[in-house]
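A closer look at the structure
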Amino acid sequence: MSPPVFNFVDVKEKFTAAARQALSGKTCKHLITVFSQISGNETEKKTTLDQALRGVLGDQIIEQKMSCDDYLSLIYLSIDAVTEGICSATIPFVLLGDVLDCLPLDLCDKIFSFVEKNVSTWKSSSFYTAGKNYLLRMCNDLLRRLSKSQNTVFCGRIQLFLARLFPLSEKSGLNLQSQFNLDNITVFNKNEQESTLGQKQTDEKEDTMEVEEGEMGEDDAPAPCSIPIDYNLYRKFWTLQDYFRNPVQCYDKFSWMTFLKFSDETLAVFKSFKLDDMQASKRKMEDLRASDGEHVYFAKFLTSEKLMDLQLSDSNFRRHILLQYLILFQYLKGQVKFKSSSCILNDDQSAWIEETTKLVYQLLRETPPEGEQFATMVEHILNTEENWNSWKNEGCPSFVKERTSDDKPKRPTRKRQAPEDFLGKGPERKIFMGNDELTRLWNLNQDNMEACKSESREFMPSLDEFFAEAIEQADPVNMVEEEYKVVRNPNYGWRALRLLSRRSPHFFQPTNQKFKSLADYLDTMVCKLAKELPKDIPSEEIKTGEEDDDDNGDNLLKDSNDSPSIQSKTVTNHQMDDIAAKLGSQWKTLASHLEMKAAEMREIETDSEDVDVQAKLLLVAWQEREGSQATVENLATALSAAGFSQLAERLSEA
């Protein structure tokens, strides 16, 4: 029997009703229940639910009775649906785009605040890949609707959001070729005949009322200027904005001379003109706080001639112009990848820029309020900008360093062998080890581990047998040259070290003597052995350790003394209780000699606050780690090394 045909219209109606109910209840559970009850392909159901959610949003917009909170509730519902896996990951971004396209700009501001707050959600693995292009398109659409001069703050918020959303290495948001916004033209009066500067005003009150963008009181009146403001100064001052807009002009000889002349006059004016009275500045700050922090931003300069004297006396305006100088100088001096080869400063230009930079920083420090701090902050920001310029010049490499091909572990490329290729077949199978000699050795016995334990494989020599030749060569009477001594043989030296570690009590003794080579060390050991080993005692009596085979490393874990001495006795629970009670708060001193790690010690302190219990936990942890090696002798050695000699003696005597 064929499965029922998926009815898009019926399912959409069910999802629409479920979505409305979920909105009223502010929970996604009912929508999940309906989704699970409907039969059909998962993709078909998700697509239908997407359309149902868009339909609910469309109805809300058409009714025009819903607030922004209602729209956001639906978007929150879609985010929960994506998390539960019942709709497409793109649907929250589609709904956001629909809302922003249909709302006026004042409501778009509120919706975008929601977008800003959930930037961590958009960057999560569930949404980033599916929604980054939607968010980018949505932000670009908003920027096209906004005015850069009237909606400056909103435009800046959108740019900051994109900077938080995309990684630093995202090249789509970078000005890689260092292009300038040449459309940002500052308009001012270029006709001297139409200028009103220099003319005497018959009615000062009327002139004051005509000042653009507000009124001034008597207390806010600017201080008298020491340099007269005429049209010539007005023209030169605003002409500099064209150089700030397009710094490449400064590399032209005639343009540079004009820029140099206008800059000297402008900076001289800044140095001569007095700033606003500090009391007036404080009053402005108080008025700003009284207005709940509201402030007006202007994206363009106000170039009216009537504002010139006010602007030259305003600290914020002065900081804007001086900062433009510093940014221009940084570009002219810096190394930019896409600069033309002809864009090079000569020595005179570089010297003038250095002197002017110092003057600009001096003016910034003298500009209240907090000029010293402001100048320091600007200098720090521009120094940081140098790092970004270097990063762009290098082609914007990734901030995550990839492992080079040489460092990557190489995997074998050969085909994996079948088990029968190397394990053999049949009851008397022969194991192949890769070459004939290894195969022969491996198949000498059926059980190689048992064969290694055979008494016939005890090959460890005694000290006098192994070092007999070296002792003889060390005797000056035999006059053996250094280069011919057996201790100079690296193979002999390696075997000698292994034997000394098992047989000689001198091997692990601390010493301050430094040896340049292994041969020098063996010479010293040979001299000691020559004095200590009696020649008339059989070699069997000289042995100080076990005689098990050490070449294959099978019996390294066996006890080094066959006699049932104190070494083979493990520490009992009663002994640990006695030692713990006597150690008390000094258990940490013993812990370092028992090779306990700092993390283990912190865990012991966490488990109990009683110092006696902590000491007992230390000994129990040591016993569990050492196993059969947790002997009385090893614990007594650690106690003696830690300075508890009396406890060590009592433990050994018990």
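Per an unreviewed UniProt entry, the protein chain carries the name THO complex 1 and comes from Poecilia latipinna.

Bringing the overall build of the protein chain into the picture now. Assigned secondary structure in the protein chain consists of 31 helices and zero strands. For the protein chain, with 654 residues in total, the buried portion stands at 34%. For the protein chain, the computed accessible surface area is about 42,300 Å², with 50% contributed by carbon and sulfur atoms.

Here the focus is the nonpolar core. Judged by nonpolar contacts, the single largest core of 57 residues is most densely connected at Phe15, Val115, Trp122 and Phe161. The element that contributes the greatest number of residues to this core is helix 4 (residues 68–84), accounting for nine residues. Setting aside residues up to four positions removed in sequence, Val115 forms contacts with Leu96, Trp122, Leu135, Met138 and Phe161. Counting residues in each nonpolar core, the second largest holds 45 residues, with Phe270, Leu312, Leu328 and Ala375 among its members.

Note that Ser462 resides in the loop between helix 20 (448–452) and helix 21 (463–466). Residue Ser462 is classed as buried on the basis of its relative accessible area of 1%. Here the side chain of Ser462 touches Asp464 through a polar contact of 2.5 Å, side chain to side chain.

This part takes up the packing of helix 1 (residues 8–25) against helix 4. Each pair of packed helices can be described by the angle between their axes along with the distance between the axes. Viewed as axis vectors pointing N to C, helix 1 and helix 4 meet at an angle of 110°, and their least axial separation amounts to 10 Å. Comparing their axes, helix 4 and helix 1 come out roughly perpendicular. Of the two elements, helix 1 crosses helix 4, and the hand of that crossing is right-handed. Counting all contacts with helix 1, which are made through Ala19, Ala22 and Leu23, the residues of helix 4 involved are Ser73, Leu74 and Leu77.

Further remarks concern empty space enclosed by the protein. Taken as a whole and assessed by the stated rule, the structure comprises one cavity of 30 Å³ or more. Considered as a void within the structure, the largest cavity measures approximately 40 Å³ in volume. Around the largest cavity, the lining residues are Ala470, Gln473, Ala474, Lys485, Val486, Val487, Asp523 and Val526. Within the residue set of the lining of the largest cavity, elements represented by two or more residues are helix 22 (468–474) and helix 24 (518–532). It is helix 22 that provides the largest number of residues to the lining of the largest cavity, a total of three residues. Here the residues of the lining of the largest cavity are counted per class, giving five nonpolar, one polar and two charged.

Residues Met433, Leu438, Leu441, Trp442 and Leu444 make up a contiguous nonpolar surface patch of about 480 Å² in total accessible area. Looking at where Leu444 falls in the secondary structure, it is placed in the loop between helix 19 (436–442) and helix 20.

Here we come to helix 29 (residues 611–626). With 16 residues, helix 29 extends 23 Å from end C-alpha to end C-alpha; this agrees with the ideal 22 Å at 1.5 Å per step. Along helix 29, the positions that sit buried rather than exposed are Gln614, Ala615, Lys616, Leu618, Leu619 and Trp622. Contacts from the buried residues of helix 29 go to helix 26 (573–583), helix 27 (587–593), helix 28 (598–607) and helix 30 (632–641). Directly beyond the C-terminal end of helix 29, a positive phi value near 65° is found at Gly627.

Here the structure, examined in full by the defined rule, presents 17 salt bridges. One salt bridge in this structure joins Arg20 and Asp59, with 2.7 Å as the shortest N-O distance. One end of the pair, Arg20, is in helix 1; the other, Asp59, is in helix 3 (residues 42–63), and 39 residues separate them in sequence. Note on Arg20: relative accessible area 38%, which makes it partly exposed. With a shortest N-O distance of 3.9 Å, Arg488 and Asp520 are connected by a salt bridge. Note that Arg488 is positioned in the loop between helix 22 and helix 23 (490–503) and Asp520 in helix 24, a separation of 32 residues in sequence. Relative accessible area serves as the criterion here: at 26%, Asp520 is assigned to the partly exposed category. Through salt bridges with shared partners, one network takes in Glu482, Lys485, Arg488, Asp520 and Asp523.

Glancing now at the confidence of the model for the protein chain. A residue-level look at the protein chain finds 80% of positions with pLDDT of 70 or above and a mean pLDDT of 79. Put simply, helix 25 (residues 539–542) is where the protein chain has its lowest mean pLDDT, 38, and helix 16 (residues 347–366) is where it has its highest, 94. Here residues 200–224 is modelled with pLDDT under 50, and outside its nearest four sequence neighbours on either side it reaches 22 contacts, counting other chains as well.

Taken as a whole, this structure holds 30 aromatic pairs when the rule is applied. Relative to Tyr331, the ring of Phe180 lies with its centre 5.0 Å away and its plane at 85°, an arrangement referred to as edge-to-face. Here the residue Phe180 occupies a position in the loop between helix 9 (152–165) and helix 10 (204–209), and Tyr331 occupies one in helix 15 (residues 315–333), the gap between them amounting to 151 residues. Residue class for Phe180 comes out partly exposed when judged on its relative accessible area of 29%. Assessed through its relative accessible area of 15%, Tyr331 is described here as buried.

About the thresholds
- Residues numbered from 1 in each chain as written.
- Predicted model: local features only at pLDDT ≥ 70, side-chain atom pairs only at ≥ 80, totals over all residues.
- Heavy atoms only, no water.
- Helix = DSSP H or I, 4+ residues; strand = E, 2+ residues; numbered from the N terminus.
- Buried < 20%, exposed > 50% of the residue type's maximum accessible area, 1.4 Å probe, protein only.
- Areas by Shrake-Rupley, 256 points an atom, 1.4 Å probe, with all protein chains shown as cover.
- Core = buried A, V, L, I, M, F, W, Y, C linked by side-chain atoms within 4.5 Å.
- Contact = heavy atoms within 4.5 Å.
- Polar contact = N/O pair within 3.5 Å; in protein donor to acceptor, adjacent residues only side chain to side chain.
- Axes fitted to C-alpha atoms, helices over the stretch in contact; angles between N-to-C directions.
- Parallel < 35°, antiparallel > 145°, perpendicular 65-115°, else oblique.
- Left-handed = near helix turned anticlockwise from the far one by under 90°.
- 1 Å grid on protein atoms, 1.4 Å probe; cavity = no way out; pocket = protein on both sides within 12 Å on 5 of 7 lines; lining within 4 Å.
- Points joined across faces, edges and corners; volume = space filled by probe spheres on them.
- Nonpolar A, V, L, I, M, F, W, Y, C, P; charged D, E, K, R; others polar.
- Patch = residues over 30% accessible without salt bridge, like charges linked within 9 Å, V, L, I, M, F, W, Y side chains within 5 Å.
- Salt bridge = Lys/Arg side-chain N within 4 Å of Asp/Glu carboxyl O.
- Expected span 1.5 Å × (residues − 1).
- pLDDT = per-residue confidence, 0-100.
- Phe/Tyr/Trp six-rings, centres within 6.5 Å; stacked < 30°, edge-to-face > 60°.

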